[in-house]
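Structural features, examined
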2 protein chains.
Amino acid sequence: MVNKLVENIKRTGAPIVVGLDPMLKYVPQHIQKKAFAEYGETLKGAAEAIWLYNKEIVDAVYDLIPAVKPQIAMYEQFGIEGLIAFRKTVAYCKEKGLVVIGDIKRGDIGSTSEAYAVGHLGKVQVGANSYYGFDEDFVTVNPYLGSDGVNPFIKVCKEEKKGLFILVKTSNPSSGEFQDRMVKCDDGTDRPLYEVVGEKVAQWGADCMGDSYSYIGAVVGATYPEMGKVLRKVMPKSFILVPGYGAQGGKGADLVHFFNEDGLGAIVNSSRGIIAAYQQEKYAKYGEENFAEASRAAVLEMKEDIAAALANR
Amino acid sequence: MVNKLVENIKRTGAPIVVGLDPMLKYVPQHIQKKAFAEYGETLKGAAEAIWLYNKEIVDAVYDLIPAVKPQIAMYEQFGIEGLIAFRKTVAYCKEKGLVVIGDIKRGDIGSTSEAYAVGHLGKVQVGANSYYGFDEDFVTVNPYLGSDGVNPFIKVCKEEKKGLFILVKTSNPSSGEFQDRMVKCDDGTDRPLYEVVGEKVAQWGADCMGDSYSYIGAVVGATYPEMGKVLRKVMPKSFILVPGYGAQGGKGADLVHFFNEDGLGAIVNSSRGIIAAYQQEKYAKYGEENFAEASRAAVLEMKEDIAAALANR
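Residues numbered from 1 in each chain as written. Chains lettered and ligands numbered in written order. Predicted model: local features only at pLDDT ≥ 70, side-chain atom pairs only at ≥ 80, totals over all residues.

**Examining the overall build of chain A**
We count it as follows: Strands are runs of DSSP state E lasting at least two residues, helices are runs of H or I lasting at least four, and both sets are numbered from the N terminus onward. For a compact globule the rule gives 2.2 Å times the number of residues to the power 0.38, and the radius of gyration it is set against comes from C-alpha atoms. Every C-beta atom is placed from the backbone, and the number of other C-beta atoms within 10 Å of a residue's own sets its class: buried at 20 or more, exposed at 12 or fewer, partly exposed in between. Contacts here follow a simple rule: the backbone-placed C-beta atoms of the two residues must lie within 7 Å.
Counting its secondary structure elements, chain A contains 13 helices and 12 strands. In terms of overall size, chain A behaves like a compact globule, its C-alpha atoms giving a radius of gyration of 19 Å where 313 residues would be expected to give roughly 20 Å. In terms of principal-axis extent, the alpha carbons of chain A reach across some 65 × 55 × 35 Å. A total of 313 residues make up chain A; the buried ones form 60% of that total. For chain A, long-range pairs separated by at least 24 residues make up 70% of all intrachain contacts whose partners lie at least 6 apart in sequence.

**Notes on the relation of the copies chain A and chain B**
To keep it simple, the criterion reads: To line up the copies, we fit them by least squares on C-alpha atoms, keeping just the residues with pLDDT of at least 70 in both.
The operation relating chain A to chain B is a screw motion whose rotation component is 180 degrees, with 0.0 Å of axial translation and a residual RMSD of 0.0 Å. Viewed as a symmetry operation, the transformation between the two copies matches a two-fold axis. Measuring from the rotation axis to each C-alpha of chain A, the shortest distance belongs to Val183(A), at 2.2 Å. Most of the interface of chain A is mirrored in chain B, where 100% of its interface residues again form contacts.

**Here we look at the sheet that holds strand 7 (residues 163-169) of chain A**
Residue and element names in this part refer to chain A. Stated precisely, the cut-off is as follows: DSSP bridges decide pairing: two strands pair if at least two such bridges lie between them.
Strand order in the closed barrel made by the 8 strands is 1-2-3-6-7-10-11-12, with parallel pairing throughout. Sheet topology places strand 3 (residues 99-106) next to strand 6 (residues 138-141); 3 bridges connect them, and they run parallel. Bridge pairing in strand 6 places Gly102 opposite Val139.

**A word on the interface of chain A and chain B**
Contacts between the two partners involve 60 residues from chain A, matched on the other side by 60 residues from chain B. Considering every element that reaches the side of chain A that touches chain B, the biggest residue donor is helix 6 (residues 110-120) of chain A, with 7 residues.

**Things to note about the packing of helix 5 (residues 79-95) of chain A against helix 5 (residues 79-95) of chain B**
Basically, it comes down to this: Inter-axis angles, ranging from 0 to 180 degrees, are taken between N-to-C directions of lines fitted to C-alpha atoms, where helices are fitted over the stretch in contact. The scheme is simple: roughly parallel for angles under 35 degrees, roughly antiparallel for over 145, roughly perpendicular for 65 to 115, oblique for anything else. Note on convention: the crossing is left-handed when the near helix lies turned anticlockwise from the far helix by less than a right angle, right-handed when the turn is clockwise. Note that Gly is not counted as nonpolar here; it falls among the polar residues with everything else outside the nonpolar set of Ala, Val, Leu, Ile, Met, Phe, Trp, Tyr, Cys and Pro and the charged set of Asp, Glu, Lys and Arg.
The interhelical angle for the contact between helix 5 of chain A and helix 5 of chain B, taken along N-to-C directions, is 165 degrees, at an axis separation of 10 Å. Comparing their axes, helix 5 of chain B and helix 5 of chain A come out roughly antiparallel. As helix 5 of chain A packs across helix 5 of chain B, the resulting crossing turns out to be right-handed. Side by side, helix 5 of chain A and helix 5 of chain B meet where Ile80(A), Leu83(A), Ile84(A) and Arg87(A) of the first sit next to Ile80(B), Leu83(B), Ile84(B) and Arg87(B) of the second. The residue makeup of the contact of helix 5 of chain A with helix 5 of chain B, split by class, is 6 nonpolar, no polar and 2 charged.

**Comments concerning the packing of helix 2 (residues 29-39) of chain A against helix 3 (residues 43-61) of chain A**
All names here are of chain A. Direction vectors running N to C along helix 2 and helix 3 enclose 140 degrees, while the axes themselves pass 8 Å from each other. Considered as vectors, helix 2 and helix 3 are oriented oblique to each other. As helix 2 runs across helix 3, the sense of the crossing is right-handed. Between helix 2, through Ile31, Gln32, Lys34, Ala35, Phe36, Glu38 and Tyr39, and helix 3, the contact on the second element is made entirely by Lys44, Gly45, Glu48, Ala49, Leu52 and Tyr53.

**Observations regarding the sheet that holds strand 1 (residues 16-18) of chain B**
All names here are of chain B. The 8 strands are arranged 1-2-3-6-7-10-11-12 in a closed barrel whose pairing can be described as parallel. Relative to strand 3 (residues 99-106), strand 2 (residues 67-68) runs parallel, the two sharing 2 bridges. Bridging across to strand 3, Val68 finds its partner in Val100. Packing against the sheet, helix 10 (residues 225-234) makes contact with strand 7 (163-169) and strand 10 (214-220), and its axis sits at approximately 160 degrees to strand 10.

**Some details on helix 9 (residues 193-206) of chain B**
Residue and element names in this part refer to chain B. Under the convention used in this document: Here, expected helix span is obtained from the residue count minus one, scaled by 1.5 Å.
The end-to-end C-alpha distance of helix 9 is 20 Å, a good match for the 20 Å that 14 residues give at a rise of 1.5 Å each. Within helix 9, 10 of the 14 residues are buried, leaving the element largely enclosed by the surrounding structure. Among the residues of helix 9, those classed as buried are Leu193, Tyr194, Glu195, Val196, Val197, Gly198, Lys200, Val201, Trp204 and Gly205.

**Observations regarding the nonpolar core**
Soluble, globular proteins show a tendency: their nonpolar side chains are buried together. Stated formally: Working definition: the nonpolar core is a set of buried Ala, Val, Leu, Ile, Met, Phe, Trp, Tyr and Cys residues, joined through C-beta atoms within 7 Å. Throughout, the edges of the domains are those of an automatic or database domain assignment.
Residues Ile166(A), Val242(A), Ile166(B) and Val242(B) are the most contacted members of the largest nonpolar core, which totals 222 residues. Each of two domains, domain 1 (1-100 + 275-303) and domain 2 (107-270) of chain B, supplies a minimum of three residues to this core.

**Quick word on the confidence of the model for chain A**
We count it as follows: Confidence of the prediction at every residue is given by pLDDT, a number between 0 and 100.
Residue-level pLDDT values for chain A average 96, and 99% of them are 70 or greater. We note a pTM of 0.97 for the whole complex and an ipTM of 0.96 for its interfaces.

**A word on the environment of Lys123(B)**
Along the polypeptide, Lys123(B) turns up in strand 4 (residues 123-126). Look past the residues within four positions of Lys123(B) in its chain and what remains in contact with it is Val118(B), Ser130(B), Tyr131(B) and Tyr132(B).

**Some words on the environment of Gly188(A)**
Residues and elements named next belong to chain A. Here Gly188 is to be found in the loop between strand 8 (182-184) and strand 9 (190-192). Residue classification places Gly188 among the exposed residues on the basis of 6 C-beta atoms within 10 Å. Residues Gly188 and Gly97, spaced 91 residues apart in sequence, show a C-alpha to C-alpha distance of 48 Å.

**Observations regarding the pairing of strand 3 of chain A**
Taking burial as the measure, the 8 residues of strand 3 of chain A include 8 buried ones, the bulk of the element. Judged by which residues are buried, strand 3 of chain A turns out to be covered on both faces: Val99(A), Ile101(A), Asp103(A) and Lys105(A) on one side and Val100(A), Gly102(A), Ile104(A) and Arg106(A) on the other are all buried.

**A few points about the pairing of strand 12 (residues 266-270) of chain A**
A regular strand carries its side chains on alternate faces of the sheet. Residues and elements named next belong to chain A. When you tally the buried positions in strand 12, you get 5 out of 5 residues, the bulk of the element. Taking every second residue as pointing to the same face, both faces of strand 12 are buried, with Ala266, Val268 and Ser270 on one and Ile267 and Asn269 on the other. Inspection of the sheet shows strand 1 (residues 16-18) paired to strand 12 by 3 bridges, in the parallel sense. Looking across to strand 12, one finds that Val17 is bridged to Asn269. Bridge count for strand 11 (residues 238-242) against strand 12 is 3 bridges, and the pairing is parallel. In the strand pairing of strand 12, Val242 is matched with Val268.

**Here's the deal with unusual backbone geometry**
Residue and element names in this part refer to chain B. With a phi angle near 40 degrees, Lys105 is a residue other than glycine that sits in the positive phi range. In this fold, Lys105 is placed in strand 3. Since 29 C-beta atoms lie within 10 Å of it, Lys105 is described here as buried. Even without glycine at this site, Asp135 takes up a positive phi of about 60 degrees. Tracing the chain through its elements places Asp135 in the loop between strand 5 (129-132) and strand 6 (138-141).

**Some thoughts on the environment of Ile104(A)**
All names here are of chain A. Following the sequence through the fold, Ile104 ends up in strand 3. Since 26 C-beta atoms lie within 10 Å of it, Ile104 is described here as buried. Spatially, the C-alpha atom of Ile104 lies 22 Å from that of Val27, the residues being 77 residues apart in sequence. Not counting residues up to four positions away in its chain, the partners in contact with Ile104 are Ile72, His120, Val139 and Thr140.

Structure (structure tokens):
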């Protein structure tokens, strides 16, 4: 799957992932009205609204981008109905040729991690049959529990030719509370925890190689470009999923250090900045009805911003 | 909800939580047959099997225990159908007067963490209506992303009078890879990361007090009793959820340090050791058909083991 990700990036020339994180307040009124007219102001109505919204955005941008990243929490908040919309979104994006990164940040131990891996990336056995649950291509994983938590995911990735992005340094302001702590390392030096986790990601990824990159990647926030520079070197063969661009404050110029010399190795996420572009002054001219066109314009601008930054480095 | 947890523990005299982590291989053949006869060897069939299994165990033990802890991964692996069984299990256990700890180990940032909190503990707004998604009483949370990730959960807990158990030191063998790292603290000392996280839990919990305990608790594995002793002092007002008893190797004698002098402050989880007791030689006499009676016997034995350990300390 990491090979497909690389191919898609080369084809589109856009190392961009669109975060499909549909909060109801982003969904245009005419779509909410349509969904609520059919199902009422219910969980099913909300799920229908976010599905219609996603679909129109995907239809408008799928030819420009290699991948999408639905954030499962935004669906899970609507309970079962929301998760049905999540699954539908995953399946639809795959039909459109997109790589789907399920932003699920799961993490547990042993058989429990395996159950998550099976449910999101693999197949579960029921008697003589086996079934895919949510069937994403990649998922994000929280490493706090150590190798016992990550290895079951890696096992399923090997079987299914899928992949992971493991949280290393997250984009939020308080990510430093634990991730930046200086820790004593075996070689006698003190290094920040995120670097220690990054080294582990490189180790986990070493025997999970696609053609040019490992299918065990990392999450490093755009809001911490200097740390990205270090982590790029610590994990040369890992793809870095970079959240925090746009709405969270990251800019194109901040991103260059996340990429390798080959122009690959990173994929930059924007959620609100793309999917709710029509709510920004800059794209207001499209109007709420044409929200998906505004999203397309925002993708094109993001693509240019990153390309310019990479050309100028 | 922490007050209800304390009441339930006092009433039953058993600081025990039964982990409802139904793997299909634990589910007796006669139940699997019944479910598959109705729905086929499908995800729906599997979900029906684990629901029937859960229900019979809950019916057999609910009067003995204060709380249950369904592990959502074991349901999520069966996709949407599995999650319907999860929700049904949560609702049924609450009907029976049990406190329900959703072992979801979620964790993200800002609005995303809030969406998880809303989906699992609170209500989501849809137009003029609001709905509970999964509606557990407590959930487990992963702290790797720092305060930005935890505060949205705390906000919903305050609104809903619910609670959290935050991962501090997990029970698995490799939990030390990151959690035991010695980190430089502001006061110039070096302390393990789990202690730093424990201090944060105590801080987060300080303004979230029930009558005698905070509703912001911690997870500390039974397999690390010495660390439990330290963490008990670091977080005197936090309930500690203790996994790792029984099948993972923890014994009653290991548990005493997790409790306060008042005999409260900890709740010990056993999953496989209770729900699949009938598969152990010790309880084989019950037979597969009477698996729920075997579970009841295992709860009674666990209760005695812990009571004896607490009496002898």
